[in-house]
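# Notes for the structure review
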Amino acid sequence: MKFWQSIAFAEADQLIEVAKICEDVGFDGVMISEHLLHVEQLQSRYPYSADGKPPSFTAATPWPECWSLIATLAAVTKRLRFVTNVFILPLHHPIEVAKAVASVASFFDGRVILGAGSGWMKEEFDILGVDFSTRGKRFDESIEVLRKLWSGAVVEHHGRFFDFPPVKMCPVPRTPVPIYIGGMSAAALRRTARLGDGWLGAGQTPEQASATAAELMQLRRAAGRGNDAFDIVTPLTVPPEIDAIKRLQDAGVSGTVSYPFSFTIGPTSTIAQKRAYLESYADKIIAKMKGTG
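Thresholds, definitions, all that
- Residues numbered from 1 in each chain as written.
- Predicted model: local features only at pLDDT ≥ 70, side-chain atom pairs only at ≥ 80, totals over all residues.
- Heavy atoms only, no water.
- Core = buried A, V, L, I, M, F, W, Y, C linked by side-chain atoms within 4.5 Å.
- Buried < 20%, exposed > 50% of the residue type's maximum accessible area, 1.4 Å probe, protein only.
- Helix = DSSP H or I, 4+ residues; strand = E, 2+ residues; numbered from the N terminus.
- Contact = heavy atoms within 4.5 Å.
- Axes fitted to C-alpha atoms, helices over the stretch in contact; angles between N-to-C directions.
- Parallel < 35°, antiparallel > 145°, perpendicular 65-115°, else oblique.
- Nonpolar A, V, L, I, M, F, W, Y, C, P; charged D, E, K, R; others polar.
- Arc of directions from axis to C-beta.
- Polar contact = N/O pair within 3.5 Å; in protein donor to acceptor, adjacent residues only side chain to side chain.

### Examining the nonpolar core
By size, the foremost hydrophobic cluster in this structure holds 67 residues, and its most contacted members are Phe3, Ile7, Ile32, Trp67, Leu114 and Trp150. Per element, the largest residue contribution to this core is 7 residues, and it comes from helix 10 (residues 271-289). When residues no more than four places from it in sequence are discounted, the contact partners of Phe3 are Phe27, Asp28, Gly29, Ile245, Thr256, Tyr281, Ile285, Ile286, Met289 and Lys290.

Below you can see the structure in the form of structure tokens.
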């Protein structure tokens with residue numbers, strides 16, 4: 001079982017120290033979220049809350065650009081891994097995404113994962129002039145483009161949304177960058193089974209997570225990918241206790257998530273408070289699950 005700490009909504013000036021603490025106390029990785037802008041008049045419905053309103057989002061919520069932040073945090077740590085949870089892939093041109101991700105991953109081989117989602121905030125797409133209604137199909141084609149460019153070979157692409165002649169991208173990472181797909185919808189699970197190296201959940205009970213893991217395994221077998229390496233990472237909506245996490249592990253879930261500090265400590269917190277929380281989580285959960293405590 002791998003343990004991830006989400007740093008969504010956290011104070012930007014604390015993130016370097018937070019990453020160091022996460023590594024020191026035994027977390028396997030850090031999760032970084034993406035939004036480009038705060039939309040003052042938001043009409044889109046947030047899919048993971050009962051009232052459709054996003055939690056903890058305000059105009060003051062920091063959203064550092066993902067790949068520059070990952071490069072910064074990877075440079076001050078040695079083994080910590082980083083995943084975007086999630087990067088809104090169809091909002092961006094895949095050639096630019098391929099370049100940014102490959103550049104960072106080339107410096108920090110094996111420590112960078114692209115966690116990709118389709119996006120829910122139509123306003124962001126509208127502002128950038130990107131068609132929201134075709135994001136699913138553009139998502140699938142973008143993954144194809146990324147993997148072509150990351151191969152390091154001369155490649156070309158002629159698709160519905162993207163078209164380019166024979167080209168070669170350099171540098172590319174020595175180890176292929178895994179693509180984890182986020183989302184709880186049936187479409188997201190199908191996409192994950194067909195195209196993903198892993199799945200990022202948005203929070204479930206152990207029973208729900210077990211059912212989703214079984215569904216993903218079935219979908220992957222149907223897609224002819226049942227024997228491929230695959231990770232399932234999801235936070236729990238119940239208190240993080242050893243028994244609950246063991247049930248996740250028994251169901252085939254390979255990673256779980258400690259929620260953002262704004263949920264576990266409060267809307268704002270000091271580095272000392274974050275350190276105390278991370279140390280407590282590591283002592284009560286990580287050490288015991290890894291058999292060192």
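### Things to note about the packing of helix 2 (residues 66-75) against helix 3 (residues 94-107)
The geometry of helix 2 relative to helix 3 is characterised by a closest axis approach of 10 Å and an angle of 0° between their N-to-C directions. One way to sum up the angle between helix 2 and helix 3 is to call them roughly parallel. Where helix 2 abuts helix 3, its residues Trp67, Ile70 and Ala71 lie against Ala100, Val101 and Val104. Of the residues belonging to the contact of helix 2 with helix 3, the class tally is 6 nonpolar, no polar and no charged.

### A few points about the environment of Ala186
Mapped onto the elements of the fold, Ala186 is located in helix 6 (residues 186-195). You can call Ala186 partly exposed: its relative accessible area is 46%.

### Some details on helix 2
Turning to helix 2, its buried residues number three or more, namely Cys66, Trp67, Leu69, Ile70, Leu73 and Ala74. What you see down the axis of helix 2 is that its buried residues fit within an arc of 155°, all on one side. For helix 2, the elements touching its buried residues are helix 1 (15-25), strand 2 (29-32), strand 3 (81-84), strand 4 (87-88), helix 3 and strand 5 (112-117). Sitting at the head of helix 2, Glu65 places a side-chain oxygen 3.2 Å from the backbone nitrogen of Trp67.

Nothing here speaks to function; it is geometry throughout.
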